[in-house]
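# A look at the structure
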Amino acid sequence: MPVVHHRCRRTEQKAEELTNARSKNRQMGPNTLLAHGPYDPHSLHGFVNPPVIHASTVLFESTDAMRHRKSLPYTYGLRGTPTTKALEDALSELEGADETILVPSGLAAITVPLLAFLGAGDHCLVVDSVYTPTRQFCNGTLRRMGVEIAYFDPHIGAGIADLMKPNTKVVFLEAPGSNTFEMMDVAAVCAAARAGGAVTMLDNTWATPLYFRPIAHGVDLSIHALTKYPGGHSDLMMGSVSATAATAAQLRETQMQIGLNAAPDDVYLVLRGLKTMGVRLERHQASALELARWLERREDVAEVRHPALPSFFDHALYARQFSGCSGLFSFLLPGGFKQAATFLDALELIGLGYSWGGHESLAVAVDLSDRTVAKGPKDGTFIRLQVGLEDVADLKADLEAGFAALAATAGTAG
Ligand SMILES: *Cc1c(COP(=O)(O)O)cnc(C)c1O
């Protein structure tokens, strides 16, 4: 049975009314967009949510239809289904993008665009506070392919122009910086990169499109680990790249050449996660900020890196560009990794684990040994906290146990 494309006239009218309403009402808030994503329930009998379509083969009406398949919306499972399209469209709308692709992990959402726009002999500039696996891909696969990689200071701003070479094809940004939260002047970097003929990419996982919209600041490709807040429940992995009209075709072409897309049940979970992402983020944000303020007042904490704190060195850069914070920040414990381990091992409620954006709180000790420019402090170890949806009083009590364990060992050491 044809599912989505053979719509009755009433349905088409309804869809047109919706489209008109959307284009007239450009002020619709992000939570309204999340609740009423661009998927039209009337395209399938009025069911509120899109169907989960499991597919490889798509049947054609005739050999002629097969020959002219470029004009058809769906031709093969890898190329997309109404399920993947519903999520792509929702993300494009949130990002203000022309098109979005889905891939099986956040890391693949970094590697696919880099492969799409770089080749042997090209030069690529990468922010030094980048997510460590991004650096590993650049230093490993890209260098092996013959791409020249250089890392730059997150605070470089318009000064990036001095690093641009005639063969600079990509400038890769992440804001805030991974684990250390340095903010960037995104528009200044992108304007200089564009003037030099480079494509810009920004890993926007921390802010989500609710708190930062990179394309409005001049970025060409906005990258997300959907694994984090869009999924929101630590039970799936996925990534997305949202692209401008000028970059979308090359991105999509590379995705298809490599042969990556996202699996239908996971796509459905992300669509479901998006419906509550706004309210979840409000809670993550409020709880994280409360904990950050509490940690900032403690004598046993050397520094708190949370962009919304006025004491944070890049607070002004944050406030000018972002409309909110998610639930991830770091604080500096005096001492080395041994002290950090004592603190972390005393936590019971807050789990020790990678990733973030889920319902449960997590902590890790940050390793900054790979940094070349944006190095960590000489003394102390950063603890990165992912603040989940628990009650803040319980999280404070757990952190108190960590501080108490630390104080106890400091006491025995004399
Ligand atoms: C987690 C993360 C990724 C990678 O996402 P995965 O789905 O775990 O591969 C990419 N960028 C940032 C900033 C992340 O935190």
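Residues numbered from 1 in each chain as written. Predicted model: local features only at pLDDT ≥ 70, side-chain atom pairs only at ≥ 80, totals over all residues. Heavy atoms only, no water.

If you look the protein chain up in an unreviewed UniProt entry, it shows as Cystathionine beta-lyase from Jiella flava. Entered under Cofactor (unreviewed entry) in the UniProt record, the comment concerning the protein chain runs "pyridoxal 5'-phosphate". In its Sequence similarities (unreviewed entry) section, the UniProt record describing the protein chain reads: "Belongs to the trans-sulfuration enzymes family." (UniProt positions renumbered as here; feature names shortened; annotations may be inferred.)

Taken together, five strands build an open sheet; the order of strands is β8-β9-β12-β11-β10 and the sheet is mixed. This sheet does not close on itself; its edge strands, each paired only once, are β8 (303-305) and β10 (351-352). Inspection of the sheet shows strand β9 (residues 328-333) paired to strand β12 (residues 381-386) by six bridges, in the antiparallel sense. Bridge pairing links Leu 328 to Gln 386 in β12. Against the sheet, helix α10 (residues 264-296) engages β8, β9 and β12, with an angle of about 15 degrees to β9. (Pairing = 2+ DSSP bridges. Helix = DSSP H or I, 4+ residues; strand = E, 2+ residues; numbered from the N terminus. Contact = heavy atoms within 4.5 Å. Axes fitted to C-alpha atoms, helices over the stretch in contact; angles between N-to-C directions.)

Listed under "modified residue: N6-(pyridoxal phosphate)lysine" (unreviewed entry) in the UniProt record, and renumbered for this structure, are Lys 228. Summarising the element assignment, Lys 228 is placed in the loop between β6 (221-225) and β7 (239-243). For Lys 228, a relative accessible area of 9% translates into the label buried. If we skip the residues at most four places from it in the chain, Lys 228 touches Thr 205, Ser 355, Trp 356 and Gly 357. (Buried < 20%, exposed > 50% of the residue type's maximum accessible area, 1.4 Å probe, protein only.)

Once that is clear, we can look at the site of the ligand. Close contacts around the ligand come from 13 residues, with Gly 106, Leu 107, Asp 203, Thr 227 and Lys 228 the closest. For the ligand, an oxygen atom lies 3.3 Å from a polar atom in the side chain of Trp 356. Considered on its own, the ligand offers 380 Å² of accessible surface; in the complex 91% of this is hidden by protein. Ranked by the residues each element gives to the shell around the ligand, the list is headed by helix α5 (residues 106-117), at three residues. Taken together, the residues of the shell around the ligand sort by class into six nonpolar, four polar and three charged. (Near = heavy atom within 4 Å. Polar contact = N/O pair within 3.5 Å; in protein donor to acceptor, adjacent residues only side chain to side chain. Areas by Shrake-Rupley, 256 points an atom, 1.4 Å probe, with all protein chains shown as cover. Nonpolar A, V, L, I, M, F, W, Y, C, P; charged D, E, K, R; others polar.)

What follows deals with the pairing of β6. Within β6, five of the five residues are buried, which leaves it mostly tucked inside the rest of the structure. Of the two faces of β6, the one lined by Leu 221, Ile 223 and Ala 225 and the one lined by Ser 222 and His 224 are each fully buried. As paired elements, strand β5 (residues 199-203) and β6 share three bridges and run parallel to each other. Its bridge partner being in β6, Met 201 is matched across the sheet by Leu 221. When β6 meets β7, the two strands line up antiparallel, connected through five bridges. Residue pairing for β7: Leu 221 is matched across the bridge by Ala 243.

Let us now look at α5. Among the twelve residues of α5, ten are classified as buried, and the element is accordingly described as predominantly covered. Buried residues of α5: Gly 106, Ala 108, Ala 109, Ile 110, Thr 111, Val 112, Pro 113, Leu 114, Ala 116 and Phe 117, and no others.

What follows covers the sheet that holds strand β2 (residues 123-127). The strand order β1-β7-β6-β5-β4-β2-β3 describes an open sheet built from seven strands, whose pairing is mixed. On the outer flanks of this sheet lie β1 (99-103) and β3 (148-152), each paired with one strand and no other. In this sheet, adjacent strand axes meet at a mean angle of 20 degrees when their direction is disregarded. Across the sheet, α5 lies against β1, β2, β4 (168-174), β5, β6 and β7, angled at about 155 degrees from β6, the strand it touches most.

Here we take up the side chain of Ser 361. Residue placement: Ser 361 occurs in the loop between β10 and β11 (362-365). Judged by relative accessible area, which is 2%, Ser 361 ranks as buried. In terms of polar contacts, Ser 361 uses its side chain to reach the side chain of Glu 390, at 2.8 Å. When near neighbours in sequence (up to four residues on either side) are disregarded, Ser 361 contacts Leu 349, Ile 350, Gly 351, Gln 386, Val 387, Gly 388, Glu 390 and Leu 395.

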